[in-house]
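# Secondary and tertiary structure notes
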Amino acid sequence: MRYAIYATPSADHPLTDAAARWLGRDAFTGADHPLPVVNGFSGGAIEAYLADPARYGFHGTLKAPFTLAEGQTEAALIESLEAVAATAGPVTVPELVIRRLGRFFALVPNERVDALDALAGRLVADFEPFRAPLSEADIARRRAAGLTLDEETNLIRWGYPYVFDAFRYHMSLTGRVPKEDAEAMEAELKRHFAEFDGKPYVLDRLAIFVEPERGAPFLVRHVAMMQGGAG
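These numbers were taken from a predicted model, which means no experiment stands behind them.

Reading the values: rules and limits
Residues numbered from 1 in each chain as written. Predicted model: local features only at pLDDT ≥ 70, side-chain atom pairs only at ≥ 80, totals over all residues. Heavy atoms only, no water. Pairing = 2+ DSSP bridges. Helix = DSSP H or I, 4+ residues; strand = E, 2+ residues; numbered from the N terminus. Contact = heavy atoms within 4.5 Å. Axes fitted to C-alpha atoms, helices over the stretch in contact; angles between N-to-C directions. Buried < 20%, exposed > 50% of the residue type's maximum accessible area, 1.4 Å probe, protein only. Polar contact = N/O pair within 3.5 Å; in protein donor to acceptor, adjacent residues only side chain to side chain. Core = buried A, V, L, I, M, F, W, Y, C linked by side-chain atoms within 4.5 Å.

## Remarks on the sheet that holds strand S4 (residues 104-109)
In spatial order, the strands read S5-S4-S3-S6; together these four strands make up an open sheet with antiparallel pairing. Every other strand in the sheet has two partners, leaving strand S5 (171-172) and strand S6 (199-203) as the edge strands with one partner each. Across two bridges, the pairing between S4 and S5 is antiparallel. Residue Ala 106 lies in a different strand from S5, and its bridge partner there is Ser 172. Helix H4 (residues 114-126) rests against strand S3 (91-101), S4 and S6 of the sheet, and its axis sits at about 85° to S3.

Here's what the structure looks like:
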């Protein structure tokens, strides 16, 4: 089993519902939904483009998936997350926008939000004692994507390349989309998420997602409300 610390809207938030209807899956309930029908795309293409974000569940990564270190427990992980959430205040993203990041699409802050970057850095460091070392296979899989020297250092030290200065908050909406389908995909995403694109977003809860076994869909295990001073 692997655990991850993600940001997520509430189970009944309109964005959670829109994402579940887009991805075809709700990480809170595990329920499947019909995949969206997108003009010009076959069902097989849409399934391929959405498979990765559907498996991980709609979220923003704060501490990437990890196996528990020897001697650590799920109960202790939850207790620690509640302690952090009690002192961390909600973070307002002034403008959340749909953007293409390399070959995939995501909802991202239009500009960097210092409080959000600081929160992610705190969680990476504070929860490091819960993380077991990466396997050689996991390290090789990450390296295959091509890493900078700093990202390689992060991978070995923190178990994930994109932390601290390399961190960019994003809520994935697709996997890799080939260039020839990118324009149509962006148009469909802007239509489906029009209620949220270009609008403020408040990140007010932290969640533990679990992957019961490698390759299985992630599920929400625990949600902690952020109750500290405003961010």
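## Topic: the side chain of Thr 61
Checked against the element boundaries, Thr 61 lands in strand S2 (residues 60-67). On the basis of relative accessible area, Thr 61 is assigned to the buried category, the value being 13%. Here His 59 takes part through its side chain, which lies 3.1 Å from a polar atom of the side chain of Thr 61. What Thr 61 contacts, discounting residues up to four positions off in sequence, is Ile 5, Tyr 6, Tyr 160, Phe 167, Tyr 169 and His 170.

## Re the nonpolar core
With 55 residues, the main nonpolar core has Leu 62, Phe 193, Leu 203 and Leu 206 as its most contacted residues. Those residues in contact with Leu 62 that sit more than four places away from it in its chain are Ile 5, Tyr 6, Ala 7, Leu 116, Leu 119, Ala 120, Leu 123, Val 124, Phe 167, Tyr 169 and Leu 206. Residues Ala 4, Ala 27, Phe 209 and Val 220 belong to the second largest nonpolar core, which totals seven residues.

## Details of the environment of Glu 195
Here Glu 195 lies in the loop between helix H7 (179-192) and S6. For Glu 195, a relative accessible area of 54% translates into the label exposed. Measuring from C-alpha to C-alpha, the distance between Glu 195 and His 13 comes to 12 Å, with 182 residues separating the pair along the chain.

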